[in-house]
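Here are the chains, one letter per residue:
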Amino acid sequence: MAKKFHHWKIGTINVRTGKEDQKLERIVHEIGKAKLSICGLQEFRRIKSGSALVSPNTDDHDQKYEIYWSGHSLKRIHGVGIAIRAEKGIVIEEIRNVSARIIVADVIVHGCSLRIINCYAPTEDDSSTSKDLFYNTLKKQFNTNKTQKIICLGDFNATSSASWYNSSLREHVIIEDLEINDNGERFHKFFNIHKLSVMNTWFSHKKCRRITWHSSDGNTKKVYDFILSCSWIGEYITNCRVYNSFDFDS
């Protein structure tokens, strides 16, 4: 008997604020156009935690997304969110608003038990204390049962020269002349400890399909956003790249 595979898409985007309802609708509209089942959102900048059911302005009028967010109690800085398409094949078991930098969704996607961890790391200029707190908190989210598979994604604010080409970056991969900053060192240590694959680096793409951040100066370009997966999930991922055709006003 032939196996039946369900194809679905997951993504991540730094939206640079989703605090206004109008911007939230714009975000969901683009997520719908991209046909994403799940999307991590960084710099969401909404107060406290909450959720909303939003319909994208697309031809598919039955398509809706559950948006969950986790932010600071008073300040509209940082903030993370996750958008999950409301469909029969996706069951939301639990949403955990860990902090203004980490949100976790335990979901079952077409029978597969997943933990989706979306995060927004401190910048390179932030203090070592804030970076240590972030990674220590992130580490705790990996305490799962054996049947649950992990996908960790988001804006890690990490620079690594290995992200610019097909390096198949994963645990114990040795790359000569590797150029990384402090956040990059922490990032490499993190995915090594948890035996994760950096899916951005597993496929051959042009640099324009890898860049996730453009500076306002028009010249500086970085790869800050990553999708990490456990080895089991990695076997089923068929592509990972940046799409420039969607406008998140970001």
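A brief look at the structure comes next. Everything quoted here is computed from the prediction, not taken from an experiment.

Things to note about the layout of surface pockets
Turning to step 1, where the next piece is worked out: Reported here for the second largest pocket is a volume of approximately 290 Å³.
Turning to step 2, where the next piece is worked out: As for the second largest pocket, its lining consists of 15 residues, and the residues nearest its centre are His194, Lys195, Leu196, Cys230 and Ser231.
Turning to step 3, where the next piece is worked out: Classifying every residue of the lining of the second largest pocket by side-chain character gives five nonpolar, five polar and five charged.

Remarks on the sheet that holds strand β7 (residues 102-109)
Two modes of strand pairing occur in sheets, parallel and antiparallel, and in both the strands are linked by backbone hydrogen bonds.
Turning to step 1, where the next piece is worked out: Strand order in the open sheet formed by six strands is β6-β7-β8-β9-β13-β10, and the pairing between neighbours is mixed. The open sheet has two free edges, formed respectively by β6 (90-97) and β10 (197-198), since each of these has just one partner strand.
Turning to step 2, where the next piece is worked out: Pairing geometry for β7 and strand β8 (residues 112-120), over eight bridges, is antiparallel. Residue Val104 lies in a different strand from β8, and its bridge partner there is Ile117.
Turning to step 3, where the next piece is worked out: With respect to the sheet, helix α2 (residues 128-140) is in contact with β7, β8 and β9 (149-155), its orientation differing from that of β8 by roughly 175°.
Turning to step 4, where the next piece is worked out: Packed on one face of the sheet, helix α3 (residues 182-193) meets β9, β10 and β13 (225-229) and runs near 15° to β13.

Examining the packing of α2 against α3
Turning to step 1, where the next piece is worked out: At their nearest, the axes of α2 and α3 sit 12 Å apart, and the two run at 20° to each other. One element, α2, and the other, α3, form an angle in the roughly parallel class. Here the hand of the crossing between α2 and α3 comes out right-handed. Counting all contacts with α2, which are made through Ser128, Lys131, Asp132, Tyr135 and Leu138, the residues of α3 involved are Asp182, Asn183, Arg186, Phe187 and Phe190.
Turning to step 2, where the next piece is worked out: The residue inventory of the contact of α2 with α3, partitioned by class, reads four nonpolar, two polar and four charged.

About the criteria used
- Residues numbered from 1 in each chain as written.
- Predicted model: local features only at pLDDT ≥ 70, side-chain atom pairs only at ≥ 80, totals over all residues.
- Heavy atoms only, no water.
- 1 Å grid on protein atoms, 1.4 Å probe; cavity = no way out; pocket = protein on both sides within 12 Å on 5 of 7 lines; lining within 4 Å.
- Points joined across faces, edges and corners; volume = space filled by probe spheres on them.
- Nonpolar A, V, L, I, M, F, W, Y, C, P; charged D, E, K, R; others polar.
- Pairing = 2+ DSSP bridges.
- Helix = DSSP H or I, 4+ residues; strand = E, 2+ residues; numbered from the N terminus.
- Contact = heavy atoms within 4.5 Å.
- Axes fitted to C-alpha atoms, helices over the stretch in contact; angles between N-to-C directions.
- Parallel < 35°, antiparallel > 145°, perpendicular 65-115°, else oblique.
- Left-handed = near helix turned anticlockwise from the far one by under 90°.

Worth remembering: the numbers are spatial, not functional.
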